[in-house]
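# Geometric and topological summary
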2 protein chains.
Amino acid sequence: MEALTPFQYELVYNMLSLTVAGMAAAGLFFFGSRMDIAPKYRPALLVSAIVVFIASYHYLRIWESWQAAYELVGGQYVSTGVGFNDAYRYADWLLTVPLLLVELVAVLGLAKRESGPMLRNLTIASVLMIALGYPGEVASSAGTKWLFWALAMVPFIYILAVLYGRLATAVANESGEVRRLLGRARTVILVSWWVYPVAFILPMIGLSGGAAEAGLQVGYSVADLTAKALYGVVIYQIARAKTASDRDEAERIEPVAA
Amino acid sequence: MEALTPFQYELVYNMLSLTVAGMAAAGLFFFGSRMDIAPKYRPALLVSAIVVFIASYHYLRIWESWQAAYELVGGQYVSTGVGFNDAYRYADWLLTVPLLLVELVAVLGLAKRESGPMLRNLTIASVLMIALGYPGEVASSAGTKWLFWALAMVPFIYILAVLYGRLATAVANESGEVRRLLGRARTVILVSWWVYPVAFILPMIGLSGGAAEAGLQVGYSVADLTAKALYGVVIYQIARAKTASDRDEAERIEPVAA
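## A look at the overall build of chain A
Counting its regular elements, chain A contains eight helices and two strands. In sequence order, the secondary structure elements of chain A are arranged as α-α-β-β-α-α-α-α-α-α. The buried share among the 258 residues of chain A stands at 50%. Taking contacts inside chain A between residues at least 6 apart in sequence as the whole, the part at least 24 apart equals 79%.

Right, here's the structure in full:
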């Protein structure tokens, strides 16, 4: 591992700690606000809470591993010999990526006939994506890294295409506030998910040294906060807007039935 | 204890950490989703939550014990002299196996006349099974290991036979979604429970070394996640489906009664 300046080391240290707190805070919000929305959409909020609690746990472990990996020698942070465990990210993704997909399917309120097969295919694709990325992450040869990156990109693009396509249909079928928020969910997914395959190849295209390592860790933290906590906030907003529009619809129908 | 390669050591390390997080996440989900199902089935969800919280605690301890048992010397993980404490698994099973049976009995909604004696017999059998397995686990002679394995298999097969038989009756009495899910519960139990007696005999049939130890630990983690967390998800699905079908039935009956 490359040596880091105190600024680089501390920036990552503080960003990891911020992410522990940010994820747990988002979890409390999602957990506590379930009762404000219609029962139909509550599982989406509960799953959002669980995703960020899992992420908070992993960021606590990553933060501990960061401290164990470096020591201050002669004004620089150098390796202690204990490796920095980036694999926590893979353990986290293995648990949370399928759940992020469950969140979206739950808030869209799809019929079981559609949601069942879709979730099954997306879960298989996300497990494949993470399982294929991991050997590339731990490999030392650039050739092996590129091979597994390319293999993992196949399920990655499949997942994004399915989500993007399904959200396009949902946007077309909705109006007003719900429509606007579904568009926002699409943007959050599209922007934050691309950080991961790009971050993966940074060391392979010659970006190395302390600045690259610090940038990578800060970038992952921001991407995770966006893809999990901010995404969860959008899911919450969609659930609230749908609760309100379902209520309006029920009020419009009732007088006719009476 | 045999030496491990860094890959073997880290794979187990990360899998144990993933299991800590996965069990706790499942617990939050079961705890949080109780209110979405009918009061009759809520105890099943609460017990599901407790089972995985207990497992999360034990996996945290197993993970700590794993770290205390190995140190990196000359590129290999070798024994520190502190034994890896596999007995945490027995403490966990002693608490959780009877509760896994309670979950199933609670979600089936059996009459007390039937559920009382059934739970009593199954609890006695599961305590016997674990108490008989433990002396075999800690014994060093293969003869003693085989003896206690064979003794523990008697209550093991009794429990599986009772569960399988009772689930067959339940499947026959239900229809639609509930029937399909009860079949799934049966599969989850049957597949995951067999891992334990098979894992027990692996060292006795000559499988040893780093790869066998790593495989055993990963296998136990996957089996526990299946037998507790995934099984809990199926219990949740059954509870949800029964809540819906009880509601439909009440709606069908009411107009006639009025």
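Structure shown, so let's carry the discussion forward.
## Some thoughts on the layout of surface pockets
Considering only enclosed or pocket space, the second largest pocket measures out at about 1400 Å³ in volume. What lines the second largest pocket is a set of 46 residues, among which M1(A), G83(A), F84(A), N85(A) and D86(A) lie closest to the centre. Here the lining of the second largest pocket takes six residues from helix 1 (residues 6-32) of chain B, the largest share from any one element.

## Digging into the interface of chain A and chain B
Listed as interface residues are 20 residues of chain A and, on the opposing side, 18 residues of chain B. Of the roughly 1600 Å² buried between chain A and chain B on both sides combined, carbon and sulfur atoms contribute 68%. Seen at the junction of chain A and chain B, the total is zero salt bridges. Along the contact surface separating chain A from chain B lie four residue pairs in polar contact (both at pLDDT 80 or more). When contributions to the side of chain A that touches chain B are tallied by element, the ones reaching two or more residues are helix 2 (42-69), helix 3 (87-108) and helix 4 (112-138) of chain A.

## Here we look at the relation of the copies chain A and chain B
Both copies of the chain are placed relative to one another by a rotation about an axis and a shift along it. Taken as rigid bodies, chain A and chain B are interconverted by a rotation of 74 degrees and an axial shift of 0.2 Å, the fit giving an RMSD of 0.1 Å. The two molecules are tied by a five-fold rotation axis, judged by turn and shift.

## Section: the confidence of the model for chain A
Residue and element names in this part refer to chain A. Across chain A, pLDDT averages 89, with 98% of residues at or above 70. The least confident element of chain A, judged by mean pLDDT, is helix 7 (residues 195-201) at 85; the most confident is helix 1 (residues 6-33) at 96. What the predictor reports for the complex is a pTM of 0.88 with an ipTM of 0.84.

## Some points on a nonpolar patch on the surface
Residues and elements named next belong to chain A. Side chains of I157, Y164, L190, V191, W194 and V198 sit close together on the surface and give an oily, nonpolar patch of about 520 Å² of accessible area. When residues of the nonpolar patch are traced back to their parent elements, those giving at least two are helix 5 (142-173) and helix 6 (176-193). Along the chain, the position of V191 falls in helix 6.

## Here we look at the packing of aromatic side chains
Counted by the stated rule, this structure contains 35 aromatic pairs over all chains. Here the aromatic rings of W146(B) and W149(B) are separated by 5.5 Å at their centres, their planes lie at 85 degrees, and the arrangement is edge-to-face. Highlighted residues: W146(B) and W149(B), both in helix 5 (residues 142-173), separated by three residues, approximately one helical turn. Given a relative accessible area of 22%, W149(B) falls into the partly exposed group. Members of the aromatic cluster, joined through ring pairs, are Y88(A), Y9(B), Y13(B), W63(B), W66(B), Y70(B), Y77(B) and F84(B).

## Remarks on the nonpolar core
With 169 residues, the main nonpolar core has W193(A), W66(B) and W193(B) as its most contacted residues. Sequence-distant contacts of W193(B), defined by excluding residues within four places in its chain, comprise V97(B), L101(B), M129(B), F156(B), I159(B), L160(B) and A227(B).

## Observations concerning helix 1 of chain B
The end-to-end C-alpha distance of helix 1 of chain B is 39 Å, a good match for the 39 Å that 27 residues give at a rise of 1.5 Å each. Counting buried positions along helix 1 of chain B gives 20 out of 27 residues, so the element sits mostly inside the fold.

## Structural notes on the packing of helix 4 (residues 112-138) of chain B against helix 5 of chain B
All names here are of chain B. Direction vectors running N to C along helix 4 and helix 5 enclose 155 degrees, while the axes themselves pass 8 Å from each other. Accordingly, the angle class assigned to the pair helix 4 and helix 5 is roughly antiparallel. As for the relative orientation of helix 4 and helix 5, their crossing is left-handed in sense. Looking at the contact of helix 4 with helix 5 residue by residue, the classes come out as 16 nonpolar, four polar and four charged.

## With respect to the environment of M15(A)
All names here are of chain A. Within the secondary structure, M15 is located in helix 1. In this structure M15 comes out as buried when scored by relative accessible area, which is 16%. As a C-alpha pair, M15 and V222 span 207 residues in sequence and 8.7 Å in three-dimensional space. Apart from residues no more than four positions distant in its own chain, M15 is found in contact with V218, S221, V222 and L225.

## Quick word on the pattern of salt bridges
Residues and elements named next belong to chain A. One pass over the full model with this rule turns up 16 salt bridges over all chains. In this structure, the salt-bridge partner of K228 is D92, at a minimum N-O distance of 3.0 Å. Highlighted residues: K228 in helix 8 (residues 210-257) and D92 in helix 3, separated in sequence by 136 residues. Take D92: its relative accessible area is 3%, and that puts it in the buried class. Among the ionic pairs, D224 bridges to K228, the shortest N-O distance being 3.4 Å.

## Looking at a negative patch on the surface
On the surface, a cluster of negative charge is made up of D246(A), D248(A), E249(A) and E251(A). On the secondary structure map, E251(A) appears in helix 8.

## Some details on the side chain of T96(A)
Mapped onto the secondary structure, T96(A) falls in helix 3. Among residues more than four places away in sequence, those in contact with T96(A) are V51(A), I54(A) and K228(A).

## Digging into helix 2 of chain A
Along an α-helix, residues three or four apart share an orientation, since each turn contains 3.6 residues. With 28 residues, helix 2 of chain A should cover 40 Å at 1.5 Å per step; its first-to-last C-alpha distance of 41 Å lies within 8% of that length. Most of helix 2 of chain A sits out of view: 22 of its 28 residues are buried.

## What to know about the pairing of strand 2 (residues 76-79) of chain B
Residues and elements named next belong to chain B. Sheet topology places strand 1 (residues 70-73) next to strand 2; four bridges connect them, and they run antiparallel. Following the sheet pairing, E71 is matched in strand 2 by V78. Counted between consecutive antiparallel strands, the loop separating strand 1 from strand 2 contains two residues, among which G74 sits at a positive phi close to 55 degrees.

## Section: the packing of helix 3 (residues 87-108) of chain B against helix 4 of chain B
Residues and elements named next belong to chain B. Their axes nearest at 10 Å, the elements helix 3 and helix 4 cross at an angle of 165 degrees. Judged on the interaxial angle alone, helix 4 and helix 3 are roughly antiparallel. For the pair helix 3 and helix 4, the crossing hand works out as right-handed. Along the contact surface, helix 3 presents A87, Y90, W93, L94, V97, P98, L101, V102 and V105, while helix 4 presents S115, M118, L119, L122, T123, S126, V127, M129, I130, G133, Y134 and E137. Here the residues of the contact of helix 3 with helix 4 are counted per class, giving 16 nonpolar, four polar and one charged.

What counts, and at which threshold
- Residues numbered from 1 in each chain as written.
- Chains lettered and ligands numbered in written order.
- Predicted model: local features only at pLDDT ≥ 70, side-chain atom pairs only at ≥ 80, totals over all residues.
- Heavy atoms only, no water.
- Helix = DSSP H or I, 4+ residues; strand = E, 2+ residues; numbered from the N terminus.
- Buried < 20%, exposed > 50% of the residue type's maximum accessible area, 1.4 Å probe, protein only.
- Contact = heavy atoms within 4.5 Å.
- 1 Å grid on protein atoms, 1.4 Å probe; cavity = no way out; pocket = protein on both sides within 12 Å on 5 of 7 lines; lining within 4 Å.
- Points joined across faces, edges and corners; volume = space filled by probe spheres on them.
- Buried area = accessible area lost by both parts, 1.4 Å probe.
- Salt bridge = Lys/Arg side-chain N within 4 Å of Asp/Glu carboxyl O.
- Polar contact = N/O pair within 3.5 Å; in protein donor to acceptor, adjacent residues only side chain to side chain.
- Least-squares fit on C-alpha atoms with pLDDT ≥ 70 in both.
- pLDDT = per-residue confidence, 0-100.
- Patch = residues over 30% accessible without salt bridge, like charges linked within 9 Å, V, L, I, M, F, W, Y side chains within 5 Å.
- Areas by Shrake-Rupley, 256 points an atom, 1.4 Å probe, with all protein chains shown as cover.
- Phe/Tyr/Trp six-rings, centres within 6.5 Å; stacked < 30°, edge-to-face > 60°.
- Core = buried A, V, L, I, M, F, W, Y, C linked by side-chain atoms within 4.5 Å.
- Expected span 1.5 Å × (residues − 1).
- Axes fitted to C-alpha atoms, helices over the stretch in contact; angles between N-to-C directions.
- Parallel < 35°, antiparallel > 145°, perpendicular 65-115°, else oblique.
- Left-handed = near helix turned anticlockwise from the far one by under 90°.
- Nonpolar A, V, L, I, M, F, W, Y, C, P; charged D, E, K, R; others polar.
- Lys, Arg positive; Asp, Glu negative; His and termini not counted.
- Charge placed at Lys NZ, Arg CZ, Asp CG, Glu CD.
- Pairing = 2+ DSSP bridges.

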